[in-house]
Each structure stands twice: as C-alpha cells, then as structure tokens.
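Structural characterization, general
Here is how the chains run, residue by residue.
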Amino acid sequence: MQLVVGRIGRAHGIRGDVSVEVRTDEPELRLGPGAVVLTDPASVGPLTVESGRVHSGRLLLRFAGVKDRNAAEALRGTLLISEVDPEERPDDPEEYYDHQLIGLDVVLADGTLVGELTEVVHLPYQDLLTVKKADGTEVLVPFVTQIVPTIDLENQRAVITPPAGLIDPEQADVAGTSAAGSAEGSAGTSAAESAGESAETAEGDEK
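Small disclaimer: the values here were computed from a predicted structure and weren't measured. (Residues numbered from 1 in each chain as written. Predicted model: local features only at pLDDT ≥ 70, side-chain atom pairs only at ≥ 80, totals over all residues. Heavy atoms only, no water.)

The next point concerns the overall build of the protein. Within the protein one finds four helices and 12 strands. Across the 207 residues in the protein, those meeting the buried criterion constitute 32%. The long-range share in the protein, meaning contacts at least 24 apart out of those at least 6 apart in sequence, stands at 48%. For the protein, the computed accessible surface area is about 12400 Å², with 50% contributed by carbon and sulfur atoms. (Helix = DSSP H or I, 4+ residues; strand = E, 2+ residues; numbered from the N terminus. Buried < 20%, exposed > 50% of the residue type's maximum accessible area, 1.4 Å probe, protein only. Contact = heavy atoms within 4.5 Å. Areas by Shrake-Rupley, 256 points an atom, 1.4 Å probe, with all protein chains shown as cover.)

Here you go:
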C-alpha cells in the first residue's frame, strides 16, 4: 500500500536541501537517510534520502543527485510516497496509519452515527479527522484523546465525545441561549427576593 509521507516545500540554501512538510508519525523511518520514496508526479522520482536535519522546527532533506538550489526548487510541491505493508502497525499502540482510520464509522458514545471518516489532516500543532456526515457536509474533529477516546479497528469505528457545537453548530447556539437564560433567571430571582426582603424590612421598621 502506498502512503503519502511528506510534501516538498521550498529550497533551503544552495546545496540542494529542501524543506519537507511531514505527513507521517514516523519520519525517522519513512524519511531517514537511505530511504527510497516514490513521488507524485512520478517523473521526478524515485528519490533517495541522502541526509536530513531539523532546522527552526522544519525537516530539511537532501536527496541523492540534487546538488544545487535550482534542482531543489524544481522539486517543490512534490509528494513523497512510501510503500507500506497493509498489515503493518506503528510501534506505539496509541498511533495509527492514515489508511487504518479512513473509512471508519464515526459514532457518539451512545452509538449514534455521525458519519464516515474520510481524511486525516496533519497540521504542525495537531491532527484533524475529516468526518463526512449523512447530509454531505464535513466537519473537522481534533484527533485528541479528550474528543476521540476510542479507535476500534475490530469493529471499524471511531468513538467521539465532541463539545457542544462541534458537530452541529446549532447546538452551540442553543447551549449559549440556555446558559444566558439560566443566568438571567437567577439574576431575576435574586432581585425579586432582595426586593421582597427590603419590603419586609421596611414594614418591620414602620411597626
């Protein structure tokens, strides 16, 4: 199975280094020195990783045969692809490959179907799960334990506990209105009680 593990960005320096947008949880394995990756477009690959380093939070790679800035800049936008055994699992039991997640049913804790997991979006600060709902709309769910507590590959489902408004924006409005109403009601009750107490006090003083 082929998985996209990175995307080449801008050239860095004059010796052929390129910045890479990492799209794998195992860059040291998929993009380490000696790794051979396929490419999209295929015409520029395959590429062999010659060396790699992290600079200012970015992964910089140098590929065999890419010797200068012009050659590196010509690779900009190229997707890097690894061949992965479909049965292979990450070493960490808490991690998953994208292909294991795509296609899972996304359900609430009570079993209510939300939709289908269609894509894993890798961002620098966290991963997001794209969920396509029955009405065709899509929502992005942060892939964190508090919101996605269970990935059940055996039953092909992901259990989520989303905050109000994440799946249905109208729920956020209702929750906000209810909260405001409760606060207003509490304030009104307190005011009424205070007024009553003041009146009783005044009557007592007159007597």
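Take the sheet that holds strand β11 (residues 150-152) next. Taken in spatial order, the six strands line up as β10-β9-β8-β7-β12-β11 in an open sheet, and their pairing is mixed. Of all strands in the sheet, those bounded by a partner on one side alone are β10 (138-142) and β11. The mean angle between the axes of side-by-side strands here comes to 35°, regardless of whether they run parallel or antiparallel. Note: strand β7 (residues 105-108) against strand β12 (residues 157-160), four bridges, orientation parallel. From the neighbouring strand, Val106 faces β12, where its bridge partner is Ala158. (Pairing = 2+ DSSP bridges. Axes fitted to C-alpha atoms, helices over the stretch in contact; angles between N-to-C directions.)

In this model, the protein carries an average pLDDT of 80, and 76% of its residues clear a pLDDT of 70 or more. Confidence drops under a pLDDT of 50 for residues 182-207, and excluding neighbours within four residues, the segment shows zero contacts in the predicted structure. (pLDDT = per-residue confidence, 0-100.)

Strand order in the closed barrel made by the six strands is β1-β2-β5-β4-β3-β6, with antiparallel pairing throughout. The sheet shows a mean angle of 50° between the axes of neighbouring strands, taken without regard to direction.

Here we take up unusual backbone geometry. Looking along the chain, the bond that leaves Asp40 and enters Pro41 is cis, with omega of 10°. Its place among the elements puts Pro41 in the loop between β3 (36-40) and β4 (47-55). A cis amide bond, omega 0°, links Gly45 with the succeeding residue Pro46. Looking at the element boundaries, Pro46 is found in the loop between β3 and β4. Look at Gln156: it is not a glycine, yet its phi comes out positive at around 55°. Relative to the elements of secondary structure, Gln156 occurs in the loop between β11 and β12. Using a relative accessible area of 39% as the deciding quantity, one classes Gln156 as partly exposed.

With respect to the element layout, Asp127 can be found in strand β9 (residues 127-133). Excluding residues that lie within four positions of it along the chain, Asp127 makes contacts with Asp25, Val121, His122, Val141, Pro142 and Phe143.

What follows covers the pattern of salt bridges. Counting across every chain of the model gives four salt bridges. A salt bridge links Asp17 to Arg53; the shortest N-O distance between them is 3.4 Å. Linking Asp17 in strand β2 (residues 17-22) with Arg53 in strand β4, this pair joins segments that are 36 residues apart in sequence. Assessed through its relative accessible area of 7%, Asp17 is described here as buried. (Salt bridge = Lys/Arg side-chain N within 4 Å of Asp/Glu carboxyl O.)

Along the polypeptide, Thr150 turns up in strand β11. Measuring from C-alpha to C-alpha, the distance between Thr150 and Thr161 comes to 9.6 Å, with 11 residues separating the pair along the chain. Excluding residues that lie within four positions of it along the chain, Thr150 makes contacts with Arg157, Ala158 and Val159.

The next thing to look at is the side chain of Asp152. Mapping Asp152 onto the fold places it in strand β11. On the basis of relative accessible area, Asp152 is assigned to the buried category, the value being 17%. Within the structure, the side chain of Asp152 is placed 2.7 Å from the side chain of Asn155, a separation counted as a polar contact. (Polar contact = N/O pair within 3.5 Å; in protein donor to acceptor, adjacent residues only side chain to side chain.)

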